[in-house]
Structure formats: C-alpha cells, structure tokens
Amino acid sequence: MRSALNLAQNDEEVDRVDDPAVLKQAMVRVAQAQDREAFQLLFSYFAPRVKAVLLKAGSQESQAEDLMQDVMMTVWRKAKLYAPERGSVNAWVFTVARNARIDLLRRASSRPYDDVYEIELESDVASGEDNMFETERAERVSEALAELPEDQRQIIELGFIEDMSQSEIAKKLDLPLGTVKSRMRLAYGKMKSKLEAVR
Amino acid sequence: MNIHHHLDEATLLRYASGDLDSAFTMVVAAHLAMCDSCRQAARDAEEIGGHMMDRVAQAPVSSNAFEKMMARIDAGQDEQIEVDVSRHKKADSDVPLPLRNLIGDHLDDVRWRLVAPGVRKHEIKMGKKGESSLYMLNISPGMAMPEHGHGGAEMTLILSGAYRDKLGVFGPGDVADLDEHIEHQPVVEPGEACICLVATETPTRFKDFIVRLMQPFVRI
C-alpha cells in the first residue's frame with residue numbers, strides 16, 4: 001500500500017497503479033480514515049478516465065472538467081457505500097459517473113439506481129470468501145471483453161462509454177435495431193459463460 | 001422469492017450503461033429489488049462499464065484539479081455519507097424500494113381508476129413529456145388483460161397475484177420484458193387480482209393514431 005501511494009506521487013508512474021487490490025485498499029482508507037493520500041491515488045487514477053468518458057459522451061471541455069470534479073467529490077463522499085466484496089472500484093466509479101450523467105445531462109433521476117445499490121449492500125451474500133469471488137468475477141469480465149469480436153466490442157463501447165442509446169447505435173452503424181440487440185446479447189452471453197466457469 | 005421470468009440481457013446492459021428512460025429504469029429497478037440473480041447480473045454488467053472506462057484513452061485534467069478538490073473538501077463539502085440500509089428492511093411494506101418513492105409503502109393505498117370492467121389503472125407521472133409511460137394495473141381474477149397494441153417495447157412486473165399467457169405463468173417478481181414484436185393476451189389466474197407495474201414506449205404519432213383506430217372502446 002505504502003509503495004503504491006508513493007507511486008501515485010510520481011505522475012509518470014501512476015499507470016502502474018492498476019492493481020484492483022491497491023485501488024480497493026485506497027477506497028477503504030478513504031472511507032475509514034478520510035485518508036487524503038489514498039484519495040490522491042484514486043484521483044490520479046480515475047479523474048483522467050472519468051473526464052475522458054464524459055468527453056466521449058458529448059460534454060464540452062469545461063463541463064467535463066466540472067462534472068469530473070463532482071464525480072470525484074461523490075467518490076469521496078460516498079466512499080463508505082463502496083462495498084469491496086461487491087465488485088471492482090472501477091465498476092463502482094463507473095456507476096458514480098453514470099449516475100451523475102443521468103442526473104445532470106438527462107435531467108432524469110438516478111434515485112432508482114441508488115435504491116437498488118442500497119438493497120445490494122444489505123443483502124446477505126457479503127463475506128470474505130465472496131471478496132475473492134468478486135475479484136475473480138471482475139477478472140473474468142475483463143477476459144471476456146478482451147476476447148470479444150470487434151463488432152460486439154464496438155457496440156459495448158458506444159453504449160457504455162459514448163453514452164449512446166441502442167437506437168442511436170443502430171443509426172450510427174447503419175444496422176437494424178434487432179442486430180444491435182442481438183450483438184449485445186452475444187457479448188453478454190460470452191461474459192456469462194466465462195463467469196459460469198468460475199461458479 | 002421464486003422468480004421464473006427475468007430481464008432480457010440487452011435490457012440489463014442498457015440499465016448498466018444508463019440508456020433506459022425513467023419509466024423503464026423504474027420497472028427494471030423494481031425487478032432488481034425482488035430478484036437476486038438479476039441483481040448479480042446487473043452488477044456483472046456494471047463491471048463491463050468499469051472495464052471499458054479503465055481502458056479508455058485518458059483525458060488530461062487541469063493541473064490544479066486535485067488541489068481544487070481538496071479546497072472543496074476543506075470548505076466543508078466533504079461530509080461523507082453514512083451507510084443506511086434500514087429503509088429497505090421495513091417489514092410491513094409490500095412495495096419494492098425504488099417504487100415506494102412514487103406510490104408509498106402499501107399496494108392497498110394505491111388509488112385506482114376503473115378503465116374497463118375488472119380493470120383498474122393508476123398512472124404514475126414521471127420523466128419528460130414524450131418519454132415512455134409508467135402505470136400500474138389491477139385486474140380482477142379470470143379477466144383477460146385488454147389487448148393493448150402500443151407499437152413499442154413493453155415491460156410488465158408482477159407485484160401481486162398472477163397471470164398466464166403463451167409464455168407461461170407470471171407471478172410476483174416475474175417480469176415480462178417484451179419487444180414490440182411479441183403479441184400476447186394475458187389472462188389473470190383465478191383467486192386473486194393481479195397487480196402489476198407497466199412501462200410502455202410512447203408510440204410515434206402515426207402509430208398512436210392507428211392504435212386509436214384499432215381500439216375505440218378500451219384504451220389502456
């Protein structure tokens with residue numbers, strides 16, 4: 001942990017902090033001790049990624065910078081709600097950014113997402129064993145995505161990163177909506193079969 | 001809870017990526033509140049988002065971005081939110097947590113409007129104009145749900161009672177996640193009324209006109 005935090009202070013080496021366990025530990029320290037050094041590590045890692053996603057989703061430069069600040073502020077404020085046994089820090093920060101996007105850009109409400117997350121926190125599956133299990137799940141998801149054929153990966157990226165709806169994706173790629181849906185299902189199916197191999 | 005009918009995988013990905021509008025998000029969230037396996041699946045789908053974000057080409061942030069954040073924290077905007085999971089526990093509620101914000105804690109308290117013999121409806125206003133609509137239906141035992149061609153996707157979550165159609169029996173927690181191509185005519189099982197939460201895509205004007213022509217008597 002100590003060495004990881006030191007790494008974070010050297011901008012050129014920040015990218016080495018991609019060990020999920022290091023990010024998890026940093027989140028836990030932010031939650032338990034409002035540890036600013038740990039938060040700086042998270043900030044160095046996630047701020048440029050969150051901002052990139054916001055830009056790709058159509059925000060202007062200054063709006064993306066402001067929104068990134070809001071997202072990272074929420075990461076700090078909601079640190080205690082992050083449950084390490086439930087998934088990767090990456091996925092959690094992604095959902096914080098997604099919810100900010102829903103609230104600010106779409107003028108809808110991310111409240112239902114928060115409610116589901118609250119139920120998730122409270123359900124009984126959390127344990128040390130599951131912690132291992134979840135880490136392995138996150139790895140399998142990465143593996144499955146790395147192996148996706150380009151036509152499926154592209155659709156996932158447009159949906160998750162560029163914030164395009166299924167119908168916008170269909171239009172952009174000049175495909176029938178049904179094809180977009182079936183490629184999404186195929187991509188999801190591959191991930192699912194990888195995950196079932198761990199069970 | 002014994003759930004047999006789950007969300008379409010494309011729907012789970014749309015939920016995780018934030019692509020669903022308010023009405024569909026609510027039906028999905030209410031199902032997730034009731035279904036452990038779909039909740040796990042949604043979490044896996046959110047891992048996809050985490051993975052994609054992790055590999056995106058990073059955008060430089062302003063050089064004082066972190067100092068700015070620390071200044072906000074020092075200015076007292078840093079209050080951390082505590083974990084409070086007590087609301088969900090409320091033992092006497094028969095309404096899934098996300099839906100409680102809209103209709104309260106009890107299905108008994110919902111105010112119904114009779115729209116056809118044996119068919120009661122409660123409209124839930126939310127989202128922007130032109131988005132999908134969200135409503136609840138309360139249909140008497142043995143009644144067929146009126147044919148409701150709507151020209152778009154539809155998602156129905158059973159909250160109590162059950163209905164049967166060509167896809168099988170749908171009971172509490174089951175969700176019928178159907179695209180516009182599926183036609184079905186559910187009939188409520190004998191014994192108790194079926195209460196469900198429904199999101200339907202708003203038809204285009206042209207389709208809406210056709211729907212009006214086709215169902216002059218019962219519009220639901």
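- An unreviewed UniProt entry lists chain B under the name ChrR family anti-sigma-E factor, with Maritalea mediterranea given as the organism.

**Some words on the overall build of chain A**
- Scanning chain A from terminus to terminus reveals 10 helices and zero strands.
- The N-to-C order of helical and strand elements in chain A reads α-α-α-α-α-α-α-α-α-α.
- Across the 199 residues in chain A, those meeting the buried criterion constitute 47%.

**Some remarks on the confidence of the model for chain A**
All names here are of chain A.
- Looking at chain A, the pLDDT average stands at 84 and 83% of residues meet or exceed 70.
- At the low end of the mean pLDDT range in chain A sits helix H1 (residues 2-8), at 46; at the high end sits helix H3 (residues 36-56), at 95.
- Ignoring residues within four places in sequence, the model shows residues 1-15, a span with pLDDT below 50, making 18 contacts including any to other chains.

**Notes on the sheet that holds strand E3 (residues 133-139) of chain B**
Residues and elements named next belong to chain B.
- Across the sheet, which stays open at both edges, the six strands sit in the order E1-E2-E3-E9-E4-E7 with antiparallel pairing between neighbours. Each end of this open sheet is capped by a strand with a single partner; those strands are strand E1 (113-116) and strand E7 (175-178). On average, adjacent strands in this sheet sit at an angle of 25° to one another, irrespective of strand direction.
- Relative to E3, strand E2 (residues 119-124) runs antiparallel, the two being bridged by six bridges. Bridging from a neighbouring strand, glutamate 123 pairs with tyrosine 135 of E3.

**Considering the interface of chain A and chain B**
- Contacts between the two partners involve 65 residues from chain A and, on the opposite side, 55 residues from chain B.
- Sorting the residues of the side of chain A that touches chain B by element identifies H3, helix H4 (61-77), helix H5 (89-104), helix H6 (111-122), helix H7 (128-146), helix H8 (150-160) and helix H10 (177-198) of chain A as the ones contributing at least two each.
- Looking at the side of chain A that touches chain B element by element, the count peaks at 11 residues for H3 of chain A.
- Of the residues contributing to the side of chain A that touches chain B, the split by class is 31 nonpolar, 13 polar and 21 charged.

**A closer look at the nonpolar core**
- Core analysis: the biggest nonpolar cluster contains 106 residues, and Leu42, Val50 and Met72 of chain A together with Val27 and Cys196 of chain B have the highest contact counts within it.
- If you tally residues by element for this core, the top one is H3 of chain A, at 13 residues.
- Those residues in contact with methionine 72 of chain A, other than ones at most four positions away along the chain, are Phe43, Phe46, Ala47 and Val50 of chain A together with Met69 of chain B.

**What to know about the packing of H6 of chain A against helix H2 (residues 22-34) of chain B**
- At their nearest, the axes of H6 of chain A and H2 of chain B sit 9 Å apart, and the two run at 5° to each other. The pairing of H6 of chain A with H2 of chain B is recorded here as roughly parallel in orientation. Here H6 of chain A contributes Pro112, Tyr113, Asp115, Val116 and Ile119 of chain A to the contact with H2 of chain B, which in turn contributes Thr25, Met26, Ala29, Leu32 and Ala33 of chain B.

**As for the pairing of E2 of chain B**
Residues and elements named next belong to chain B.
- Where E1 meets E2, three bridges bridge the pair, whose relative direction is antiparallel. Bridge pairing in E2 places alanine 116 opposite valine 119.
- Hairpin connection from E1 to E2: two residues lie between these consecutive antiparallel strands, with glycine 118 at a positive phi of about 80°.

**Re the environment of alanine 83 of chain A**
- In this fold, alanine 83 of chain A is placed in the loop between H4 and H5.
- Along the chain, alanine 83 of chain A and leucine 121 of chain A lie 38 residues apart, while their C-alpha atoms are 7.1 Å from each other.

**Looking at the environment of serine 167 of chain A**
Residue and element names in this part refer to chain A.
- Mapped onto the fold, serine 167 is located in helix H9 (residues 166-173).
- Residue serine 167 is classed as exposed on the basis of its C-beta count, with 11 C-beta atoms lying within 10 Å.
- Along the sequence, serine 167 and glycine 178 sit 11 residues apart, while their C-alpha atoms lie 9.6 Å from each other.

**A word on the domain arrangement of chain A**
- The assigned domain composition of chain A is domain 1 (1-126) and domain 2 (133-199).
- Residue composition of the side of domain 1 of chain A that touches domain 2 of chain A, grouped by class: three nonpolar, three polar and four charged.

Cut-offs applied
- Residues numbered from 1 in each chain as written.
- Chains lettered and ligands numbered in written order.
- Predicted model: local features only at pLDDT ≥ 70, side-chain atom pairs only at ≥ 80, totals over all residues.
- Helix = DSSP H or I, 4+ residues; strand = E, 2+ residues; numbered from the N terminus.
- Buried ≥ 20, exposed ≤ 12 C-beta atoms within 10 Å, placed from the backbone.
- pLDDT = per-residue confidence, 0-100.
- Contact = placed C-beta atoms within 7 Å.
- Pairing = 2+ DSSP bridges.
- Axes fitted to C-alpha atoms, helices over the stretch in contact; angles between N-to-C directions.
- Nonpolar A, V, L, I, M, F, W, Y, C, P; charged D, E, K, R; others polar.
- Core = buried A, V, L, I, M, F, W, Y, C linked by C-beta atoms within 7 Å.
- Parallel < 35°, antiparallel > 145°, perpendicular 65-115°, else oblique.
- Domains from an automatic or database assignment.

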